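Understanding the architecture of this molecule
Read off the chains here:
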Amino acid sequence: MVVKVNNLVKRYEKLVALDHLSLEIQEGEIFGLLGPNGSGKSTTINCILSLLKYDKGSIEIFGKQMRPDAYDIKRDIGIIMQNVAVFNELTVYDNIYYFCSLYVKDPKEIRRLTEEAIEFVSLEDFKKFYPKKLSGGLLRRLNIACGIAHKPKLIILDEPTVAVDPQSRNKILEGIKKLNEGGATIIYTTHYMEEVEQLCDRIAIIDKGKVIASGTKEELKNMISLGETITLETYHLTEENIEEIKNIPNIASVDYNGQTVVVKSKKGKNNLVHVLNYFENRKIPMGKIYSELPTLNDVFLEITGKELRD
Amino acid sequence: MMLRLYYMRLKCLFRNKESLFWSALFPIFLSFVFSLVFSNFEKEEQFATINIAIVESQEQSYIIDAAKEAKYGEDTAMFDIQQVNENDAKDLLKKGEITGYIVDGEKPSLYIGGSGIEATILKSFVDNYLQTVKKISIVASTNPEKVQELINGSMKRADYISDTNVSGRAPNFTLIYYYALLALACLYGSNFGITEISDIQADKSAKGARINVAPVHKLKLLICNIFAAITVQVLCVLVAITFMAYVLSIDFGSRVGLVVLTCVLASICGVTFGAMLRSVLKKNEKTVNAISNAAVLILSFLSGLMNPEVKYMVADNIPIFAKINPANLITDSFYYLYYFDSLDRYWFNIVCMVLVTLVFVAITYFATRRRQYASI
């Protein structure tokens with residue numbers, strides 16, 4: 001076990017930010033903390049890093065109690081903050097060198113690790129650039145390089161792709177996968193469910209400071225009663241048709257806006273076939289047809305009654 | 001490791017253009033402005049020979065001789081005299097070529113064209129002459145044997161109070177402005193102090209959070225950072241003082257070592273002042289910078305930066321404040337070094353400055369020593 005959080009309670013005066021939150025993160029996995037803004041993801045991370053005081057509970061990292069002065073534990077942790085944490089007065093190279101030198105004593109080793117980190121985030125052409133001259137995506141990559149240059153065993157990324165263009169986001173996600181393949185355990189917080197689905201081995205969904213569900217993607221999706229979502233393009237549905245579709249076995253809900261009908265089914269087999277048969281039998285013309293399996297947003301919606309990005 | 005971190009902080013601070021401007025360029029610019037203003041003051045302060053005319057009459061008095069004899073100090077003649085007729089004298093006065101003219105006679109009369117310091121001097125001279133003549137005539141009628149003695153006495157001018165200065169330096173009122181300006185420059189080190197605390201506190205910046213996660217003792221980092229800030233600040237002040245001494249020819253006296261010591265201690269005071277403000281004020285960095293700069297300006301104003309009278313007023317009415325105002329302590333230290341032979345007052349001042357700095361350090365330490373935060 002790399003990280004064990006047990007019954008963590010954190011209050012900001014009357015507001016309970018973390019409510020008996022527990023997590024267990026295994027070595028070598030990419031663990032996603034998914035939740036809407038203000039759900040307690042960053043507070044959890046800051047408590048794990050011993051930056052924030054908490055009211056109750058315990059945190060163990062690498063099997064030891066995490067404290068502000070637990071330097072032996074801190075040596076193996078890398079942090080990539082939500083806000084870019086670099087010095088505008090230092091070049092790309094010097095920034096990485098500085099943060100690496102907080103962890104490593106040997107100057108030769110620091111130089112080697114700095115070069116490796118620059119190569120890892122593909123900033124070779126920008127070594128002598130100052131952060132102000134970098135684009136948003138390059139800046140995020142520099143932010144990552146500063147956090148991982150010392151080759152930590154546990155890397156915590158707190159929403160590293162906020163306000164990043166799709167191309168840079170993909171680079172960042174690829175980089176995180178590579179770090180994980182290199183043996184690092186990753187904790188990844190985000191409110192983008194697509195990233196979590198793409199990246200994480202296990203996921204904890206947080207809302208109002210509580211873990212409302214956790215497990216693998218499949219385990220989470222199996223927790224809910226919702227099956228696939230079928231979307232059909234059609235212009236000829238009547239109220240009667242909609243009522244009849246609702247009565248097809250396993251159909252949970254039907255929404256029609258005059259152009260497309262969205263049919264949500266419960267778990268079960270052949271739901272798509274039943275819906276298509278209905279349209280064929282009634283000779284109702286159809287355009288494009290899509291079928292989607294439940295997403296983590298559906299999981300979140302079913303458990304909390306609200307959208308992940310509300 | 002400490003040296004490496006110190007060196008990296010130096011790199012950071014030397015690229016912090018805003019703080020460098022306040023600590024080095026602003027005092028240099030302001031001292032240059034001061035030098036331009038004061039050079040005009042000094043010119044105005046030197047008394048020039050006054051152009052006058054004397055209209056002779058048949059009944060001549062001794063006023064022509066007295067005017068010719070009148071001098072500023074040892075050498076400079078008080079009056080440049082033209083002896084003309086009355087019409088010419090009027091013309092000269094109209095054209096502004098003379099300050100006034102005296103019509104000689106049993107009772108000389110003075111005509112002046114307006115007010116001003118030269119007209120006042122001329123009027124005082126004539127008044128003085130008439131009083132002396134009157135005195136002699138009274139003594140001649142009551143005590144004739146004393147007349148010669150009185151005439152001899154009235155010809156002599158004696159100073160009954162002599163200005164002396166143990167350090168041998170002439171008093172120079174402009175120095176207080178430059179000293180207050182140097183105090184301002186030293187205290188602008190507060191901007192570096194603010195940056196250092198911002199960069200090390202997890203609740204002040206993302207960088208601070210990242211640094212707090214690193215396996216380095218916070219006190220070590222704080223010491224590295226503050227030393228780097230002091231180094232840069234001292235260099236800025238030394239650049240400013242070198243500019244004043246060698247380009248503007250401002251005299252800081254011969255105690256160069258103690259002047260540098262004062263700069264170093266004053267810079268430490270400035271940096272720790274900023275560090276203290278940043279650690280106790282729950283505002284963003286820009287706001288704290290603005291508060292700090294305003295506070296430094298006010299403290300400098302109270303130490304005589306804009307008007308030396310304010311400094312003396314504070315010293316008379318709130319002496320305790322004068323002894324805890326860092327700007328005033330710095331200004332006084334330079335002042336004592338320049339004017340006073342004995343260093344007793346200087347060292348007392350330095351002790352006060354060190355105590356004030358220790359208070360800043362203690363507050364900063366207690367405000368930043370926590371390693372966990374209630375909120376970030």
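All figures in this text were calculated on a predicted structure; none of them were measured in a lab.

This brings us to the overall build of chain B. On a plain count of helices and strands, chain B comes out with 16 helices and six strands. Since a compact globule built from 376 residues should have a radius of gyration of about 21 Å, the 31 Å found for chain B marks it as more spread out than a globular shape. In terms of its C-alpha atoms, chain B occupies a principal-axis envelope of roughly 105 × 45 × 35 Å. A buried classification covers 38% of the 376 residues belonging to chain B. For chain B, restricting intrachain contacts to residue pairs at least 6 apart in sequence, the fraction spanning at least 24 positions comes to 74%.

Turning to the packing of helix 11 (residues 256-280) of chain B against helix 16 (residues 344-368) of chain B, a few remarks are in order. All names here are of chain B. Running from amino to carboxyl end, helix 11 crosses helix 16 at an angle of 30 degrees, the nearest separation of the two axes being 8 Å. Here helix 11 lies roughly parallel to helix 16, going by the angle between them. As for the relative orientation of helix 11 and helix 16, their crossing is left-handed in sense. Counted together, Leu265, Ala266, Ile268, Cys269, Thr272, Phe273, Ala275, Met276, Ser279 and Val280 of helix 11 and Ile350, Met353, Val354, Val356, Thr357, Phe360, Val361, Ile363, Thr364, Ala367 and Thr368 of helix 16 form the full contact between these two elements. Along the lines of polarity and charge, the residues of the contact of helix 11 with helix 16 split into 16 nonpolar, five polar and no charged.

Okay, the packing of helix 7 (residues 175-187) of chain B against helix 12 (residues 285-302) of chain B next. Residues and elements named next belong to chain B. Running from N to C, helix 7 and helix 12 point in directions that differ by 155 degrees, and their axes come no closer than 10 Å. Judged by the angle between their axes, helix 7 and helix 12 are roughly antiparallel. Once helix 7 is placed against helix 12, the crossing between them reads as right-handed. Two secondary-structure elements touch here, helix 7 through Ala180, Ala183, Leu184 and Leu187 and helix 12 through Val296, Leu299 and Ser300. Broken down by class, the residue content of the contact of helix 7 with helix 12 amounts to six nonpolar, one polar and no charged.

Glancing now at the domain arrangement of chain A. Structurally, chain A comprises domain 1 (3-218) and domain 2 (225-293). Using C-alpha coordinates to define each centre, domain 1 of chain A is positioned 43 Å away from domain 2 of chain A.

Below, the discussion takes up unusual backbone geometry. Residue and element names in this part refer to chain A. The residue His20 is not glycine, and still its phi comes out positive at about 50 degrees. By the C-beta count within 10 Å, which is 14 here, His20 ends up partly exposed. Phi is positive for Asn270, close to 60 degrees, though the residue is something other than glycine. When you line up the elements, Asn270 lands in the loop between strand 13 (260-266) and helix 10 (271-281). The class for Asn270 is exposed, based on 12 C-beta atoms found within 10 Å.

Side chains of nonpolar character tend, in soluble globular proteins, to be buried together. Counting residues in hydrophobic clusters, the biggest one holds 154 residues, and the most contacted among them are Ile96(A), Ala145(A), Ile186(A), Leu182(B), Ala183(B), Leu184(B) and Cys186(B). Contacts of Cys186(B), omitting those with residues within four sequence positions, involve Val237(B), Cys263(B), Ala266(B), Ser267(B), Cys269(B), Gly270(B) and Ile330(B).

What follows deals with the interface of chain A and chain B. How large an interface is tends to be reported as the accessible area lost when its parts come together. At the interface, 28 residues of chain A touch 25 residues of chain B. With four residues, helix 3 (residues 92-101) of chain A is the largest single contributor of residues to the side of chain A that touches chain B. Taken together, the residues that form the side of chain A that touches chain B break down as 17 nonpolar, four polar and seven charged.

All names here are of chain A. Taken together, six strands build an open sheet; the order of strands is 6-7-8-3-9-10 and the sheet is mixed. In the strand order of this sheet, the two ends are held by strand 6 (77-80) and strand 10 (210-215), each with one partner. When strand polarity is set aside, the average angle formed by the axes of neighbouring strands in this sheet is 15 degrees. For strand 9 (residues 202-207) and strand 10, the ladder comprises five bridges, and the chain directions are antiparallel. By the bridge assignment, Ile203 is partnered in strand 10 with Gly215.

This brings us to the UniProt feature "transmembrane region" (unreviewed entry) in chain B. Residue and element names in this part refer to chain B. Residues annotated in UniProt with the feature "transmembrane region" (unreviewed entry) correspond here to residues 20-38, 176-198, 219-246, 252-276, 288-306 and 346-367. Overall, residues 20-38 shows 100% helix and 0% strand. The separation of its end C-alpha atoms is 26 Å. In residues 288-306, the share of helix is 79% and the share of strand is 0%. The end C-alpha atoms are 24 Å apart.

Right, let's talk about the environment of Leu10(B) for a bit. Residue and element names in this part refer to chain B. Here Leu10 lies in helix 1 (residues 2-14). Note on Leu10: 17 C-beta atoms within 10 Å, which makes it partly exposed. In this structure the C-alpha to C-alpha distance between Leu10 and Asn225, which are 215 residues apart in sequence, comes to 8.4 Å.

Residue and element names in this part refer to chain B. Spatial ordering of the open sheet is given by 4-1-5-6, a layout of four strands whose pairing is mixed. Two strands bound the open sheet, and with one partner strand each, they are strand 4 (79-84) and strand 6 (109-112). Pairs of neighbouring strands in the sheet enclose a mean axial angle of 25 degrees, with direction left out of account. Here four bridges tie strand 5 (residues 100-103) to strand 6, and the two strands are oriented antiparallel to one another. Across the sheet, Ile102 pairs through a bridge with Leu110, a residue of strand 6. Contacting strand 1 (50-55), strand 5 and strand 6, helix 5 (residues 117-142) crosses the sheet at an angle of about 175 degrees to strand 6.

This paragraph deals with the confidence of the model for chain B. When pLDDT is averaged along chain B, the result is 86; 93% of the residues meet or exceed 70. Reported confidences for the modelled complex are a pTM of 0.76 and an ipTM of 0.84.

We now examine the domain arrangement of chain B. Taken domain by domain, chain B comprises domain 1 (2-40 + 172-368) and domain 2 (48-155). The C-alpha-based centres of domain 1 of chain B and domain 2 of chain B are spaced at 56 Å.

Time to look at helix 12 of chain B. Residue and element names in this part refer to chain B. An ideal rise of 1.5 Å per residue puts 26 Å on 18 residues; helix 12 measures up with 26 Å between its terminal C-alpha atoms. Of the positions making up helix 12, those classed as buried are Val288, Asn289, Ser292, Val296, Leu299, Ser300 and Leu302. Taken down its axis, helix 12 places every buried residue within 155 degrees of arc, on the same side. Turned more than 90 degrees away from the buried face of helix 12, the exposed residues are Lys286, Thr287, Ala290 and Ala294. Looking at the buried residues of helix 12, the elements they touch are helix 7, helix 8 (190-198), helix 11, helix 13 (308-317) and helix 15 (326-339). Immediately beyond the C-terminal end of helix 12, within one or two residues, lies Gly304, with a positive phi of roughly 100 degrees.

Take the environment of Ile50(B) next. Residue and element names in this part refer to chain B. On the secondary structure map, Ile50 appears in strand 1. Sequence separation between Ile50 and Met78 is 28 residues, and the spatial gap between their C-alpha atoms is 6.1 Å. Apart from the residues within four sequence positions on either side, Ile50 is in contact with Met78, Phe79, Thr99, Glu118, Ile121 and Leu122.

What follows is about the pairing of strand 5 of chain B. For a regular strand, side-chain orientation follows a simple rule: the groups alternate between the two sheet faces. Residues and elements named next belong to chain B. The pairing of strand 1 with strand 5 spans four bridges and is parallel. Pairing of Ile54 across the sheet is with Ile102, part of strand 5. Turn length for the strand 5-strand 6 hairpin, with the two strands adjacent in sequence and antiparallel, is five residues.

Rules used in this analysis
Residues numbered from 1 in each chain as written. Chains lettered and ligands numbered in written order. Predicted model: local features only at pLDDT ≥ 70, side-chain atom pairs only at ≥ 80, totals over all residues. Helix = DSSP H or I, 4+ residues; strand = E, 2+ residues; numbered from the N terminus. Rg over C-alpha atoms; globule rule 2.2 N^0.38 Å. Buried ≥ 20, exposed ≤ 12 C-beta atoms within 10 Å, placed from the backbone. Contact = placed C-beta atoms within 7 Å. Axes fitted to C-alpha atoms, helices over the stretch in contact; angles between N-to-C directions. Parallel < 35°, antiparallel > 145°, perpendicular 65-115°, else oblique. Left-handed = near helix turned anticlockwise from the far one by under 90°. Nonpolar A, V, L, I, M, F, W, Y, C, P; charged D, E, K, R; others polar. Domains from an automatic or database assignment. Core = buried A, V, L, I, M, F, W, Y, C linked by C-beta atoms within 7 Å. Pairing = 2+ DSSP bridges. UniProt positions renumbered as here; feature names shortened; annotations may be inferred. pLDDT = per-residue confidence, 0-100. Expected span 1.5 Å × (residues − 1). Arc of directions from axis to C-beta.

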